[in-house]
Amino acid sequence: MVAAEGGLILVSGPSRGGKSLWAESLMRDQKRVTYVATSAVRPDDPEWQKRLKRHRERRPIHWSLLEVKTDLAAAITAVAPKEALLIDSLGGFVACCLDQDDQQWQGNTARLLTALTQRRQPVIVVIEETGWGVVPATAIGGLFRDRLGALAQMLETHSHRSWLVVQGRALDLHTLGVPVCP
């Protein structure tokens, strides 16, 4: 099994591919972990509540939980420097920020990049892969896909490791992949 090293580590893949489970396993040897949850709680969605419960029950009891919405950078900065971070997931953060105009979004992502790259303990960011199938039928769906994809590519250029998790298998993209030059 692989363990998390210091620096930014990305874990991406499709829905139900095993991203969160892999990210959690990478943190297994860390003594101090803050799990940063970014998605809406959605109390009226019983299936979502079951999913949140499974995530809670899987996490070690000594991990702390921090729930955030649009100001992920401030939340990251507020966590003690000796804490490792597991951010699950970038899609929740992007969804909460869809009402921001382009200038606000750019400022928010610049602050996020600064907060992530200043940490020395492992920071694992779980990222949903979008655009592998149906093109979004709505403008807001397209905006979500575009922002999430662009943010994932930006973070990749600063990552220490990058994993793609598909069908319950984790692939090390830094070992297998070649950077795409714009």
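Residues numbered from 1 in each chain as written. Predicted model: local features only at pLDDT ≥ 70, side-chain atom pairs only at ≥ 80, totals over all residues. Heavy atoms only, no water.

Chemist: Residues and numbers for helix H6 (residues 139–156), please.
Modeler: Helix length check: H6, at 18 residues, gives a terminal C-alpha distance of 26 Å against a target of 26 Å (1.5 Å per residue), a fit within 8%. Within H6 the residues assigned to the buried category are Gly141, Gly142, Arg147, Leu148, Leu151, Ala152 and Leu155. Considering only its buried residues, H6 is in contact with strand S1 (7–13), helix H4 (90–96), helix H5 (102–118) and strand S5 (122–128). (Helix = DSSP H or I, 4+ residues; strand = E, 2+ residues; numbered from the N terminus. Expected span 1.5 Å × (residues − 1). Buried < 20%, exposed > 50% of the residue type's maximum accessible area, 1.4 Å probe, protein only. Contact = heavy atoms within 4.5 Å.)

Chemist: Describe the sheet that holds strand S6 (residues 161–166), and please don't skip the residues or the numbers.
Modeler: Judged by pairing direction, the sheet is mixed, and its seven strands sit side by side in the order S3-S2-S4-S5-S1-S6-S7 without closing on themselves. Sheet topology places strand S3 (64–67) and strand S7 (169–172) at the edges, where each strand pairs with a single neighbour. Taking each pair of neighbouring strands and ignoring which way they run, the sheet shows an average axis angle of 20°. Relative to S3, strand S2 (residues 33–37) runs parallel, the two being bridged by four bridges. The residue bridging Tyr35 from the neighbouring strand is Leu65, located in S3. Against the sheet, H6 touches S1, S5 and S6, its axis set at about 140° to S1. (Pairing = 2+ DSSP bridges. Axes fitted to C-alpha atoms, helices over the stretch in contact; angles between N-to-C directions.)

Chemist: Please give an account of the nonpolar core that cites residues and values.
Modeler: Leu90, Phe93, Leu116 and Val125 are the most contacted members of the largest nonpolar core, which totals 28 residues. Counting residues per element, the ones that place at least two in this core are S1, helix H3 (72–78), strand S4 (84–88), H4, H5, S5 and H6. Element by element, the count of residues in this core is highest for H5, at five residues. By size, the runner-up hydrophobic cluster in this structure holds 17 residues, among which are Ile9, Val33, Ile124 and Val126. (Core = buried A, V, L, I, M, F, W, Y, C linked by side-chain atoms within 4.5 Å.)

Chemist: Which residues make up the pairing of S7, and what values go with them?
Modeler: One ladder, built from four bridges, connects S6 with S7; its direction is antiparallel. In the sheet register, Val166 faces S7, and the bridge partner there is Arg169.

Chemist: Go over the environment of Cys181 with me, naming the residues and quoting the values.
Modeler: Looking at the element boundaries, Cys181 is found in the segment after helix H7 (173–176). For the pair Cys181 and Ala170, spaced eleven residues apart in sequence, the C-alpha separation works out to 24 Å.

Chemist: Could you give me a rundown of the pattern of salt bridges, with the residues and numbers involved?
Modeler: Under the criterion given, the structure shown has nine salt bridges. Here Arg42 ties to Asp45 by a salt bridge, and the two come within 3.1 Å at their closest N and O atoms. Across the pair Arg145 and Asp146 runs a salt bridge whose closest N-O atoms are separated by 3.0 Å. Looking at Arg145, the relative accessible area reads 25%, which means it is partly exposed. For Asp146, a relative accessible area of 44% translates into the label partly exposed. (Salt bridge = Lys/Arg side-chain N within 4 Å of Asp/Glu carboxyl O.)

Chemist: So what about the packing of aromatic side chains? Which residues, and what values?
Modeler: For the structure shown, the criterion picks out two aromatic pairs. Seen from their ring centres, Trp22 and Trp163 are 5.1 Å apart, and the 65° between their planes marks the pair as edge-to-face. Here Trp22 is found in helix H1 (residues 19–26), whereas its partner Trp163 is found in strand S6, with 141 residues between them in sequence. Among the residues examined, Trp163 registers a relative accessible area of 6% and is labelled buried. The ring of Trp48 is capped by Arg42, whose NZ or CZ atom sits 3.9 Å from the centre of that ring. The side chain of Arg59 reaches across the aromatic face of Tyr35, ending 3.9 Å from its centre. (Phe/Tyr/Trp six-rings, centres within 6.5 Å; stacked < 30°, edge-to-face > 60°. Lys NZ or Arg CZ within 6 Å of the ring centre and 35° of its normal.)

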